[in-house]
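Coordinate inspection notes
Each chain, written out:
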Amino acid sequence: MKRTVVAALTAILALVMVAAPATAYDKSSPAAGLPPVLKVGTEGVYSPFSYHDPSGKLTGFDIDVMNAIGKKLGVQVQYVETPWDSMFAALGAQRFDVVANEVTFNDERNGLYDLSDPYVETTGVVVVADDNSTIKSLADLKGKKTAENLTSNWSEVAKGAGATIVGVDGMTEALANLRQGRVDALVNDKLAIQNYLATTKNPGVKVVAQTDDVSRSVLAARKGSGYLPQLNSAIAALKADGTLTSIYDKYFTAKVAAPTTWELVRNNAWPMLRATITNTIPLTIISFAIGLVIALVVGLARMSSQPVVTGLARLYISVIRGTPLLVQLFIIFYALPQLGIKINPFPAAIIAFSLNVGGYAAEIIRSAVQSLPRGQWEAASTIGMNYATTLRRVILPQAARTAVPPLSNTLISLVKDTSLASTILVVELLRQAQIAAAPTFQFFAMYGVAALYYWVICLALSAVQSRTETRLNRFVAA
Amino acid sequence: MSTLVTVEHLAKSFGDHQVLQDISFGAEAGTVTCIIGPSGSGKTTLLRSLNALEIPDRGIVTIGDCTVDFATITPGPRGRLPKAQRELLAALRAKSGMVYQSHNLFPHKTALENVIEGPVVVQGEAVAEATVRGRELLERVGLSAHADKYPFQLSGGQQQRVGIARALAGRPSVVLFDEPTSALDPELVGDVLGVMKSLAAEGWTMIVVTHELRFAQQVADQVLFIDGGLVVESGPPSEVIANPQHPRTQAFLTRLLEPI
């Protein structure tokens, strides 16, 4: 479901970019050349091309190639980790300059982007479960279910063979789905599958066929970037001096020992906790605080006697509650740059979450205020209080008692909603878990640790909630 | 004695229903005025108009040196009263204290905090000073032992007496009572009426909407019988209650004294 939404969004954003071109893109004229710091988009969870080693360092075939290219051209390379499905949206939004992530050359892509000469060639392979004897060729995929990245080339190949596509996040998820019997097969890159078979003890899957076409992996840049001459000359030089071959051997010929589950948990417990402390918790707290301020203003505006003010408040609440949080995140992060407003991942997430909390909490505050008897307003007015003083001294302290349980719900939801920030490049807890799980296919262990962390945070918040409720209930009969 | 409260030609409609037709009366300083009448007759609306909790359509209310001609109080184009008018109403409100049928105490504040809230927050009195006076007021209504209790810890009669102390704390010229004993259990009514009697004896000017005829007979200086938004009969209780002239007054009193 989530993947479908992402894919739809990516499509919408692509349309937006086509519809509103000019301004942002044409800045780089053909002769501009590479910037001194080249920003490179890559998945970071696509083993063995782009992933994190046990020490947390970004590595992989594409990373090594890109580093070599950067060295050859004398530019500094800086990686921006981005989920594949938003890779081209992020490229368009100028989050980075080049994609190095096994981008496969095709004509459609070539029309939309600057594509370099290939730095590696491979074919696709059809992969099935060990015990499957019915699928023996690409043609056998007709009417079968295959797990694919919706925006990947392999998805097109499988669809062309007549398969039903189940959209997944990446190759690791596709393999997990296959092993769990949720799909019949998958089509993916031969190199990636070879690496998986080489590093996994009991892979549980086998290669049954190759696709006919050779696919060539290229670097992608925005159309008219002017980067191609330099990128192509560097790739040619690396081919000539044998660098590409030696990088190839490192990843696809040598056997690599996969870490055990326990090693994985031990290696990643701290990086995941660090992501929680530096991203998940600050995102939650800051967004909730700002959201409450928004909610108070909007909730009061919603009760105003002035129709214009009430109308604006209603509209805001309606838009926030009527659209998915993921869409709101994408609009702020990927669509606003089209209007020349480019916000970094963390502040963009804060803005989206604050606005979202504001919409929901505004209704909570409004209903809590309206649940108080009219006599409280009258009594305050009789002793001479104005509107603001009445709110501060009489209404809000009482409304707080009614509002705390539903507001706590909002807060606890928010903790988990922050995982969506992973789609706009914030390395929070869930993203860190994906990074850890990617090279090893140990989803259960890593997502289990993530779930545990989320749960502990929510337990702590629940404890704070009961203390607050007890305090606020001191003035009502038990 | 001088006239403290003057009401002239007060009229008020809620939609098609004219609650107050044309009400005029005066109250001398230091006297008790009791307003009686059948339910729906406009008693409560009249009392709330004196405090500007309701805005009458027409009529003039004067309390002490503050006069409001309600014909001039009209909302601005966007439904809000202009600032000068809001200030005028606030000045009128400051002249009176209000005791409600359902007390309307602030449930999140203790008895003492309820009493000193207005003086401290609105009038800017120092907390220490207001506290001393607040304790005196609570003692005055017989609740010095309950100063630090929350409203839910008090009986209905005690809550209502805190409400009286809160109304007195703003040093009003006149204290308005809106059926202060109607919501109470019968055995608690006496406490509240007792406090009101002693306030009357101290010389507070009071206007009381009530069904307690015995209280009116004993304490009131004048009684207004209101029906259909008009003052049907007014005068000292010895006339209006003991010897009513108007048939509607007679019928009302008969129903009240012999309900079955």
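Residues numbered from 1 in each chain as written. Chains lettered and ligands numbered in written order. Predicted model: local features only at pLDDT ≥ 70, side-chain atom pairs only at ≥ 80, totals over all residues. Heavy atoms only, no water.

**Some thoughts on the overall build of chain A**
Heads up, the condition is: Secondary structure elements follow DSSP: runs of H or I of four or more residues count as helices, runs of E of two or more count as strands, with numbering from the N terminus. Only protein chains enter the accessibility calculation, which uses a 1.4 Å probe. A residue is then buried if its area is under 20% of the maximum for its type, exposed if over 50%, and partly exposed in between. Here the Shrake-Rupley method, with its probe set to 1.4 Å, supplies the accessible areas, and only the displayed protein chains count as covering residues. For the purpose of counting charges, residues Lys and Arg are taken to be positive, whereas Asp and Glu are taken to be negative. His and the chain ends are not included. By convention, the charge on Lys lies at NZ, on Arg at CZ, on Asp at CG and on Glu at CD.
Along the backbone of chain A there are 17 helices and eleven strands. Based on the C-alpha atoms only, the size of chain A along its principal axes is roughly 90 × 55 × 40 Å. The 478 residues of chain A split such that 55% are buried. For chain A, the accessible area works out to roughly 20,800 Å², and carbon and sulfur atoms hold 61% of it. Of the charged side chains in chain A, 41 are positive and 33 negative; the average position of the first set lies 12 Å away from that of the second.

**A look at the packing of aromatic side chains**
All names here are of chain A. How we decide: The criterion for an aromatic pair is that two Phe, Tyr or Trp rings (for Trp, the six-membered ring) have centres within 6.5 Å, with stacked assigned to planes under 30 degrees apart, edge-to-face to planes over 60 apart and tilted to the rest.
One pass over the structure, following the stated rule, counts eleven aromatic pairs over all chains. On the numbers, 4.7 Å between centres and 40° between planes, the contact of phenylalanine 88 with tyrosine 113 is tilted. Here tyrosine 113 lies in strand β6 (residues 113-115) and phenylalanine 88 lies in helix α3 (residues 87-92), a separation of 25 residues in the sequence. In this pair, the class of phenylalanine 88 matches that of tyrosine 113, namely buried. Their ring planes at 80° and their centres at 4.9 Å tell us that phenylalanine 333 and tyrosine 334 sit as a pair that is edge-to-face. Each member of the pair, phenylalanine 333 together with tyrosine 334, is buried.

**A word on the sheet that holds strand β9 (residues 222-227) of chain B**
Residues and elements named next belong to chain B. To be explicit about the condition: Pairing between strands is defined by DSSP: at least two bridges between the two strands are required. Note on definitions: angles span 0 to 180 degrees between N-to-C directions of axes, and those axes are lines fitted to C-alpha atoms, for helices only across the stretch in contact. By the convention used here, residues are in contact when the closest approach between their heavy atoms is within 4.5 Å.
A sheet is described by the order of its strands in space; here six strands give the open sequence β6-β7-β8-β3-β9-β10, paired in mixed fashion. Two strands close off the open sheet at either side, each with one partner strand: β6 (96-99) and β10 (230-235). Each strand of the sheet is rotated relative to its neighbour by a mean of 20°, with strand direction disregarded. Looking at chain direction, strand β3 (residues 32-36) and strand β8 (residues 205-209) are connected through four bridges and run parallel. Directly across from isoleucine 35, in β8, lies its bridge partner valine 209. Each of β6 and β7 (174-178) is contacted by helix α5 (residues 156-169), which is oriented at about 170° to β6, the strand it contacts most.

**Section: the sheet that holds strand β4 (residues 58-63) of chain B**
Residues and elements named next belong to chain B. One open sheet accounts for four strands, arranged β2-β1-β4-β5; its pairing is antiparallel. Unpaired on one side and paired on the other, β2 (17-28) and β5 (66-69) mark the two borders of the sheet. Shown here is a sheet whose adjacent strand axes are inclined to one another by a mean of 10°, direction ignored. One ladder, built from five bridges, connects strand β1 (residues 3-14) with β4; its direction is antiparallel. Along β4, the bridge assignment pairs glutamate 8 with isoleucine 60. With respect to the sheet, helix α1 (residues 43-50) is in contact with β1, β2 and β4, its orientation differing from that of β2 by roughly 60°. On the sheet, helix α2 (residues 83-93) packs against β4 and β5 and is oriented at approximately 130° with respect to β5.

**A few points about the packing of helix α10 (residues 261-302) of chain A against helix α17 (residues 443-472) of chain A**
Residues and elements named next belong to chain A. Under the convention used in this document: When an angle is under 35 degrees it counts as roughly parallel; over 145 it counts as roughly antiparallel; between 65 and 115 it counts as roughly perpendicular; any other value is oblique. The handedness criterion is simple: a crossing whose near helix is rotated anticlockwise from the far helix by less than a right angle is left-handed, and one whose near helix is rotated clockwise is right-handed.
For the pair α10 and α17, interaxial distance at closest approach is 10 Å and the crossing angle is 40°. It follows from the interaxial angle that α10 and α17 lie oblique. Relative to α17, the crossing made by α10 is right-handed. Each of Thr261, Leu264, Val265, Asn268, Ala269, Met272, Leu273, Thr276, Thr280 and Ile281 in α10 lies in contact with α17, whose residues at this interface are Ala445, Met446, Val449, Ala450, Tyr453, Tyr454 and Ile457.

**Some remarks on a nonpolar patch on the surface**
Residue and element names in this part refer to chain A. Selection criterion: What makes a patch is a set of residues exposed beyond 30% relative accessible area and free of salt bridges, joined within 9 Å when like-charged and within 5 Å when nonpolar (Val, Leu, Ile, Met, Phe, Trp, Tyr). Think of a salt bridge as a Lys or Arg side-chain nitrogen and an Asp or Glu carboxyl oxygen that are within 4 Å of each other.
Taken together, the side chains of Trp270, Leu273, Ile277, Ile281 and Ile285 define a hydrophobic patch exposed on the protein surface, amounting to about 460 Å² of accessible area. Checked against the element boundaries, isoleucine 281 lands in helix α10. Among the residues examined, isoleucine 281 registers a relative accessible area of 30% and is labelled partly exposed.

**What about the interface of chain B and chain A?**
Selection criterion: Buried area adds together the accessible area that both of two parts lose upon being put together, with accessible area traced by a 1.4 Å probe. A 3.5 Å cut-off defines polar contacts: any pair of N or O atoms within that distance qualifies, except that in protein one atom must be a possible hydrogen donor and the other a possible acceptor, and neighbouring residues in sequence count only when both atoms are side-chain atoms.
Listed per partner, the contact involves 22 residues of chain B and 21 residues of chain A. Here chain B meets chain A over a buried area of about 2,000 Å², counting both sides, of which 56% is carbon and sulfur. Joining chain B to chain A, the criterion identifies two salt bridges. Between A:Glu378 and B:Arg48 there is a salt bridge whose closest N-O contact spans 2.6 Å. Remark: the boundary between chain B and chain A carries eight residue pairs in polar contact (both at pLDDT 80 or more). Elements with a contribution of two residues or more to the side of chain B that touches chain A: β6 and α3 (111-122) of chain B. With four residues, α3(B) is the single largest residue contributor to the side of chain B that touches chain A.

**Some details on the pairing of β6(B)**
All names here are of chain B. Every second residue of β6 is oriented toward a common face, with Ser96 and Met98 on one face and Gly97 and Val99 on the other, all of them buried. Strand direction decides the pairing type here: β6 and β7, joined by four bridges, are parallel. Within β7, the residue paired with glycine 97 across the bridge is valine 175.

**A short note on the confidence of the model for chain B**
Residue and element names in this part refer to chain B. Basically, it comes down to this: A residue's pLDDT is the confidence the predictor assigns to it, expressed on a 0 to 100 scale.
Summarising the model, chain B shows a mean pLDDT of 92, and 98% of its residues fall at 70 or more. At the low end of the mean pLDDT range in chain B sits helix α9 (residues 247-257), at 89; at the high end sits β8, at 97. The complex model carries a pTM of 0.75, and its ipTM stands at 0.92.

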